[in-house]
Amino acid sequence: MLSTYLKSKRYLVVLDDVWDIKLLQEIRIPLLNRHHGSRIMLTTRKKDIAYYSFEHGNFFNNLPNRLKPCFLYCALFPEDYLIKRKRLIRLWIAEGFVEPIDGVTPEEVAESYLVELIVRSMLQVEKNEAGRLRACKMHDLVRELALSTSKKEKFGAAYVGREIVDKADFSRLSIQTTEREINSCTGMSELHSFLLELLCSLYLMASDEEEFLRVNALRSPPPDLQNVQLDGKLERVPLWLGSLQNLTRMSLPNLERLMLSNAYVGEKLCFSRGFIKLKHLVLGYFPLLNGIVIEKGVMPNLRGLDIACCLELQALPQGIEFLASLERLNLYSVPMQLVESVKGGMDHPRVQHIPEINLSYKIQNRQCHERLSGIHSRRRYAYFILA
């Protein structure tokens, strides 16, 4: 009778202090009517009842597809861990979860995803003194459900302390340890060779962005490793990084200086995400490189850019005009076509915001050096050295 009465209505049913799971089993089907936005709300002191209500409330399947990986990704962080808003957005973008929308930056799209998850009560909010969203975290119960779903979906798994790491079929493995070394997890040594064969992406994160990463625990790199992201401070670049043969994407959000020398044999090099604090970038000895792309917003704090011994490079990096903080551009041993393009060709209008431009090139066995001012478009001085 009650079911017939509520059939065409929009309603909210509140069940207070539920102690018996049978009650939920009896009323769930006849009352729940999602077509009108109706809801059943309950309060309980028993964890198993709350777990049941979440699990059978289809909480994950009702999410839009764009939000599902973002939600599951949050469960890979430690229990009760406060995830900083900017850090989470950066990670979602790096993972490729954020759909491109014309006229909207990836950061803005990712922020809208975060707001949606918060509105749906999937994430809890931590605000700053001004009342703005600073960080978020998952309720422990929601996290348990998300981790369970994550394993079922083969999305990822999380292991804490000395838990045994299983050889399961999932795309992401989160190892959480206070002992600062990956190998502290039980089963990690046995799993090591297994991981080396399968691992395509590696993300190492310190619990705090100011903490130093212990990255040399991985003494030999996986043969098929393509993506590397290191989130935290580095005392030194890991020894194994230089031997990666298939690396196509690297994200080092706290790096201030990056030098890549003879490190890439492809024709195109794209910097898409993950260099927020980078101040100096050096690219040298790329024999086949004929195109560089630096996407907008990737290197907002870059001060110096050096390009050397790239003999196939005919034009400046696409997106150099977006590097508003760039103070110095150095081009060494580059083709004359690139030099002429900077001095008065296609690239000339794109470097007017750069105060200092240094050119070094060869003409008929002469080594030439010029310094230009991008702001005034006038040559300051030039000198030539006979070979």
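Residues numbered from 1 in each chain as written. Predicted model: local features only at pLDDT ≥ 70, side-chain atom pairs only at ≥ 80, totals over all residues. Heavy atoms only, no water.

A. Examining the pattern of salt bridges more closely. What the rule picks out here adds up to eight salt bridges. With a closest N to O distance of 3.8 Å, Glu 126 and Arg 134 form a salt bridge. Arg 350 serves as the salt-bridge partner of Glu 321, at 3.2 Å between the closest nitrogen and oxygen. Taken together, the residues span a long stretch of sequence, with Glu 321 in the loop between β15 (304-308) and β16 (328-332) and Arg 350 in the loop between α9 (336-344) and β17 (356-363) at a distance of 29 residues. Given a relative accessible area of 36%, Glu 321 falls into the partly exposed group. Among the ionic contacts, a cluster of salt bridges with common partners joins Glu 321, Asp 347 and Arg 350. (Salt bridge = Lys/Arg side-chain N within 4 Å of Asp/Glu carboxyl O. Helix = DSSP H or I, 4+ residues; strand = E, 2+ residues; numbered from the N terminus. Buried < 20%, exposed > 50% of the residue type's maximum accessible area, 1.4 Å probe, protein only.)

B. Examining unusual backbone geometry more closely. One non-glycine residue with positive phi stands out, namely Ser 121, at about 65 degrees. By the secondary structure assignment, Ser 121 is in the loop between α6 (106-119) and β4 (124-127). Note on Ser 121: relative accessible area 56%, which makes it exposed.

C. Broad picture of the sheet that holds strand β3 (residues 83-84). Spatially, three strands are ordered β3-β5-β4 in an open sheet, and the strand pairing comes out antiparallel. Here the strands that pair on one side only, and so sit at the sheet edges, are β3 and β4. Note: β4 against strand β5 (residues 133-137), four bridges, orientation antiparallel. Opposite Val 125, over in β5, you have Cys 136 as the bridge partner. (Pairing = 2+ DSSP bridges.)

D. Summary view of helix α5 (residues 85-95). Most of α5 sits out of view: nine of its eleven residues are buried. Positive phi shows up at Gly 96, right after α5, with a value of about 85 degrees.

E. Here's a closer look at the pairing of strand β12 (residues 268-271). Alternating residues of β12 divide into Leu 269 and Phe 271, all buried, and Lys 268 and Cys 270, none buried. As defined by bridge partners, β12 adjoins strand β14 (residues 291-294) across four bridges and the pair is classed as parallel. Its bridge partner being in β14, Lys 268 is matched across the sheet by Gly 291.

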